[in-house]
Amino acid sequence: MFTPFLPALRILVVLTVITGVAYPLLVTGIAQLVFPRQANGSLVESGGKTIGSTLIGQPFSDPKYFWSRPSATSPQPYNAMASSGSNQGPRNPALADAVKDRIKALRDGDPDNTAPVPADLVTASGSGLDPDISVAAADFQVRRVAKARGLGEDKVRALVAAHTSGPTFGMLGEPRVNVLALNLALDQAKP
C-alpha cells in the first residue's frame, strides 16, 4: 500500500533540497562574486546613507529636481512591495482625471512652458516603479530645474546628456535618463 509513496517522498525531499536550497545558494553566491552591486539591489549611497536604488523610482516634487514618472503603487508611490500598474484602460475616467491633474501640476511648476507634455510624465509604467524618464521628459523639465537652481539651461542640458543611457544592448528600448542619478548630479552642480 505504501510502496509507491516512499519513492515519491524521497524524490520530493531530494528535489526540494536541490531546487529550493542548493541551486538558490549557488546562484546567489555567483551573483555576489560577479555582480555584487546589482545582486544587492543597485543601491545608491550619499554621505554614508542609502538614499535609493537605480532600479526603483522615487517621488520628486520640488521644482529644483527632475520629476519621475508617476507611480501606480499603493498605499504610497514607488512601493516595491506593491509593484503593479494602475490597470486603467484609456477610456477609464479615473485615468483621464489623473492625467489631467498631472498635466496641471507640470504646467503649474513651469507656467511658461507651452511644449507638449511627454506621455511618460503623466502615465505610470507597468510596474509603477520605473526609475527612468525619456529624454523628451527630461528636456521638458530643463527650464524649470535651471530656473529653480539658478543654473544655465545649457549646464542642466549637459547634465541630462551625461546621464542619458542608450538602448539596452544597443537595440532594446529607447534612450533614457535615470532620475535619481541626474538629481544627485544636480545637487553637486554649482550655480
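Refer to the structure above for everything that follows.
A brief structural summary. None of these values were measured; they are calculated from a predicted model.

1. Re the environment of Ala124
Consideration 1: By secondary structure assignment, the location of Ala124 is in the loop between helix H3 (93-109) and strand E3 (132-134).
Consideration 2: Ala124 sits 38 residues away from Ser86 along the chain, and the two C-alpha atoms are 7.3 Å apart.
Consideration 3: When sequence neighbours within four positions are dropped, the list of residues in contact with Ala124 reads Arg69, Pro70, Ser71, Ala72 and Arg102.

2. Points about the pattern of salt bridges
Consideration 1: Applying the stated criterion across every chain yields a total of six salt bridges.
Consideration 2: For Asp132, the salt bridge goes to Arg176, with nearest N and O atoms at 3.6 Å. In this pair, Asp132 sits in strand E3 while Arg176 sits in strand E5 (residues 176-178), placing the two residues 44 residues apart along the sequence.
Consideration 3: Arg176 sits in the partly exposed class, given a relative accessible area of 25%.

3. A few points about the sheet that holds E3
Consideration 1: Strand order in the open sheet formed by three strands is E3-E5-E4, and the pairing between neighbours is antiparallel. On the outer flanks of this sheet lie E3 and strand E4 (164-165), each paired with one strand and no other.
Consideration 2: Relative to E5, E4 runs antiparallel, the two being bridged by two bridges. Residue pairing in the sheet places Thr164 in a bridge with Val177 of E5.
Consideration 3: Together, E3, E4 and E5 form the strand contacts of helix H4 (residues 135-149), whose direction differs from that of E3 by roughly 85 degrees.

4. Thoughts on the nonpolar core
Consideration 1: Counting 29 residues, the largest nonpolar core has Phe66, Leu106, Leu121, Ile133, Val156, Val160 and Leu186 as its most contacted members.
Consideration 2: For this core, the secondary-structure elements that each account for two or more residues are H3, H4, helix H5 (153-162) and helix H6 (179-188).
Consideration 3: Per-element tally for this core: the top contributor is H4, with six residues.
Consideration 4: Contact partners of Leu186, with chain neighbours within four places excluded, come to Lys64, Phe66, Val145, Arg149, Leu151, Val156 and Leu159.

5. So, the packing of aromatic side chains
Consideration 1: Scanning the model with the defined rule gives one aromatic pair in all.
Consideration 2: Between the NZ or CZ atom of Arg144 and the centre of the ring of Trp67, over which it lies, the distance is 3.9 Å.
Consideration 3: Positioned above the aromatic ring of Tyr65, the side-chain terminus of Arg149 is 4.9 Å from the ring centre.

6. With respect to a nonpolar patch on the surface
Consideration 1: The grouping of Phe5, Leu6, Leu9, Leu12, Val13, Val17, Val21 and Leu25 at the surface amounts to a nonpolar patch, some 730 Å² of accessible area in total.
Consideration 2: By secondary structure assignment, the location of Val17 is in helix H1 (residues 5-34).

7. Observations regarding the side chain of Asp120
Consideration 1: For Asp120, the position within the fold is in the loop between H3 and E3.
Consideration 2: One buried charged residue, Asp120, remains without a salt bridge, the closest side chain of opposite sign being Arg69 at 5.5 Å.
Consideration 3: Within the structure, Asp120 has its side chain in polar contact with the backbone nitrogen of Ser134 (distance 2.7 Å).

8. Side note on H1
Consideration 1: Here H1 spans 42 Å end to end across 30 residues, near enough to the 44 Å set by a 1.5 Å rise per residue.
Consideration 2: Along its length, H1 shows its largest kink, about 30 degrees, at Ala22, and proline Pro24 lies within four residues downstream of that point.

9. Regarding H3
Consideration 1: Over its 17 residues, H3 extends 24 Å from the first C-alpha to the last, a length consistent with the 24 Å expected when each residue adds 1.5 Å.
Consideration 2: Within the sequence span of H3, burial applies to Leu95, Val99 and Leu106. Burial along H3 is one-sided: seen end-on, the buried residues are contained in an arc of 35 degrees. In H3, the exposed positions angled more than 90 degrees off the buried face are occupied by Pro93, Lys100, Asp101 and Lys104.
Consideration 3: Buried residues along H3 sit in contact with H4.
Consideration 4: N-cap assignment for H3: the residue whose side-chain oxygen lies 2.7 Å from the backbone N of Ala94 is Asn92.

What counts as what
- Residues numbered from 1 in each chain as written.
- Predicted model: local features only at pLDDT ≥ 70, side-chain atom pairs only at ≥ 80, totals over all residues.
- Heavy atoms only, no water.
- Helix = DSSP H or I, 4+ residues; strand = E, 2+ residues; numbered from the N terminus.
- Contact = heavy atoms within 4.5 Å.
- Salt bridge = Lys/Arg side-chain N within 4 Å of Asp/Glu carboxyl O.
- Buried < 20%, exposed > 50% of the residue type's maximum accessible area, 1.4 Å probe, protein only.
- Pairing = 2+ DSSP bridges.
- Axes fitted to C-alpha atoms, helices over the stretch in contact; angles between N-to-C directions.
- Core = buried A, V, L, I, M, F, W, Y, C linked by side-chain atoms within 4.5 Å.
- Phe/Tyr/Trp six-rings, centres within 6.5 Å; stacked < 30°, edge-to-face > 60°.
- Lys NZ or Arg CZ within 6 Å of the ring centre and 35° of its normal.
- Patch = residues over 30% accessible without salt bridge, like charges linked within 9 Å, V, L, I, M, F, W, Y side chains within 5 Å.
- Areas by Shrake-Rupley, 256 points an atom, 1.4 Å probe, with all protein chains shown as cover.
- Lys, Arg positive; Asp, Glu negative; His and termini not counted.
- Polar contact = N/O pair within 3.5 Å; in protein donor to acceptor, adjacent residues only side chain to side chain.
- Expected span 1.5 Å × (residues − 1).
- Bend = angle between axes of the 7 residues up to and from the residue.
- Arc of directions from axis to C-beta.

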